[in-house]
Amino acid sequence: MLDVSSLNAGYGSFQALFDININVNAGEAVAVIGPNGAGKTTLMRAISGLIPVNDGKIHMEGTDVIRTTSHDIVKLGIAHVPEHRRLFPRMSVEDNLRMGAFSPQFRANFQNRLNFVYSLFPKMQERRNQYAGTMSGGEQQMCAIGRALMSDPKILLMDEPSAGLAPVIVQQVFELIKKIKNEGLTVLIVEQNVKQVLKVVDRAYIIEAGSLKMEGTSAELLNSKEVQKAYLGMWGNKMAEFTESLFS
């Protein structure tokens, strides 16, 4: 579905990504993990057309994304949930959701998509007249995901959905991601919370200093001593027990 090959991108004279190759198949949930400053958010912005690409290719179902204008990329079926949510705080929840169906081609299906989002996130229906900025961080994340879903995307890009949230809310957010995946939606998620994200995705890529370092299934990466040491900590028997319970 989504193919990124030999991608180089950055900001002005600063290059943040070096020859990145990733692919996401229809129906998959794929993660991009790595430390702060690795280039994960830059990758999402490049796919969404928010920053220019220096070199390489991005194709969505065979269509050249790089040659597609940024406001038309959403029409290809790509929806982006940005880092820090970027809601309109002094607009109601429902008006924020309405912005996700702003393009004329999505307006005709607005009510059906709204009903779908409310079925996924009943709390959003309860809060539909509330200012988005007055909700908790977890509720705002639901609203941001719901806004992206209003365009009926083929692939959902999620950038650090657990950032800045309390641990108990983080757990709820990953449950939401599981729910979305179970609906059959394709997901590409950037996340620093390695342990949690590997519970909900099929495969993952590790990016460090702008370069692809490793890739594999979630089970392979959880069992990798290198990944355990760098991202999960060497927990001995506890890690072994966790991994066994996760895939038993």
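Residues numbered from 1 in each chain as written. Predicted model: local features only at pLDDT ≥ 70, side-chain atom pairs only at ≥ 80, totals over all residues. Heavy atoms only, no water.

## Regarding the overall build of the protein
Then, number 1: Per the secondary structure count, the protein includes 12 helices and 10 strands.
Then, number 2: Relative to a compact globule of 248 residues, whose C-alpha radius of gyration would be 18 Å, the protein shows 18 Å and is just as compact.
Then, number 3: For the protein, the residues scored as buried account for 49% of the 248 residues in total.
Then, number 4: Summarising the internal contacts of the protein: among those between residues at least 6 apart in sequence, 66% fall at separations of at least 24.
Then, number 5: When the accessible surface of the protein is totalled, it reaches about 11,700 Å², and 48% of it is carbon and sulfur.
Then, number 6: When the 26 positive and 25 negative side-chain charges of the protein are each reduced to one mean point, those points stand 6 Å apart. (Helix = DSSP H or I, 4+ residues; strand = E, 2+ residues; numbered from the N terminus. Rg over C-alpha atoms; globule rule 2.2 N^0.38 Å. Buried < 20%, exposed > 50% of the residue type's maximum accessible area, 1.4 Å probe, protein only. Contact = heavy atoms within 4.5 Å. Areas by Shrake-Rupley, 256 points an atom, 1.4 Å probe, with all protein chains shown as cover. Lys, Arg positive; Asp, Glu negative; His and termini not counted. Charge placed at Lys NZ, Arg CZ, Asp CG, Glu CD.)

## With respect to the pattern of salt bridges
Then, number 1: Summed over the entire model, instances satisfying the criterion amount to 12 salt bridges.
Then, number 2: D72 is the partner of K75 in a salt bridge, and the nearest nitrogen-oxygen pair spans 3.1 Å.
Then, number 3: One network of salt bridges, in which partners are shared, links E208, K213 and E226. (Salt bridge = Lys/Arg side-chain N within 4 Å of Asp/Glu carboxyl O.)

## Some words on the sheet that holds strand β6 (residues 78-81)
Then, number 1: Here six strands make up an open sheet; going across it, the order is β6-β7-β8-β3-β9-β10 and the pairing mixed. The sheet is open, and its two borders are formed by β6 and β10 (211-217), each paired with just one other strand. Within this sheet the neighbouring strands show an average axis-to-axis angle of 15 degrees, counted without direction.
Then, number 2: Relative to strand β9 (residues 203-208), strand β3 (residues 29-33) runs parallel, the two sharing four bridges. Within β9, the position partnered with V30 by the bridge is R203.
Then, number 3: Docked against the sheet, helix α7 (residues 137-149) engages β6 and β7 (155-159), running at close to 165 degrees with respect to β6. (Pairing = 2+ DSSP bridges. Axes fitted to C-alpha atoms, helices over the stretch in contact; angles between N-to-C directions.)

## A word on helix α11 (residues 225-232)
Then, number 1: Buried residues of α11: V227, Q228 and L232, and no others. One side of α11 carries all its buried residues, which in axial view fall inside an arc of 100 degrees. Facing away from the buried side of α11, by more than 90 degrees, are the exposed residues K225 and K229. (Arc of directions from axis to C-beta.)

## As for the sheet that holds strand β1 (residues 2-11)
Then, number 1: Across the sheet, four strands lie side by side as β2-β1-β4-β5; this open sheet has antiparallel pairing. At either end of the open sheet lies a strand with only one pairing partner, and these are β2 (14-24) and β5 (63-64).
Then, number 2: Direction of pairing for β1 relative to strand β4 (residues 53-60): antiparallel, over a ladder of six bridges. The residue of β4 that forms the bridge with V4 is I58.
Then, number 3: In this fold helix α1 (residues 40-47) packs onto β1, β2 and β4, with an angle of close to 110 degrees to the strand it touches most, β1.

## Focus on the side chain of N96
Then, number 1: Among the structural elements, N96 can be located in helix α3 (residues 93-99).
Then, number 2: Looking at N96, its side chain comes within polar contact range of the main-chain oxygen of M91, at 3.3 Å.
Then, number 3: Residue contacts for N96: discarding those within four places in its chain leaves L87, F88, M91, A132, C143 and R147. (Polar contact = N/O pair within 3.5 Å; in protein donor to acceptor, adjacent residues only side chain to side chain.)

## Describing α7
Then, number 1: Taking 1.5 Å per residue, 13 residues should reach 18 Å; α7 reaches 18 Å between its end C-alpha atoms and fits that length.
Then, number 2: Within α7, 12 of the 13 residues are buried, which leaves the element mostly enclosed by the surrounding structure.
Then, number 3: For α7, the complete set of buried residues consists of G138, E139, Q140, Q141, M142, C143, A144, I145, G146, R147, A148 and L149.
Then, number 4: Residues of α7 that are buried in the fold lie against β6, α3, α5 (110-120), α6 (122-126), β7 and α8 (167-182). (Expected span 1.5 Å × (residues − 1).)

## Focus on the pairing of β7
Then, number 1: Within β7, five of the five residues are buried, which leaves the element mostly enclosed by the surrounding structure.
Then, number 2: Chirality of the crossover, the property in question, places the unit of β7, α8 and strand β8 (residues 186-191) among those that are right-handed. (Right-handed = clockwise from strand over helix to strand, strands pointing away.)

## As for the nonpolar core
Then, number 1: Counting residues in hydrophobic clusters, the biggest one holds 50 residues, and the most contacted among them are F121, L156, I189 and V197.
Then, number 2: Among residues more than four places away in sequence, those in contact with I189 are V30, A31, V32, M44, M158, P161, F174, I177, V197 and V201.
Then, number 3: Counting 29 residues, the second largest nonpolar core, distinct from the first, contains V4, A9, M60 and Y205. (Core = buried A, V, L, I, M, F, W, Y, C linked by side-chain atoms within 4.5 Å.)

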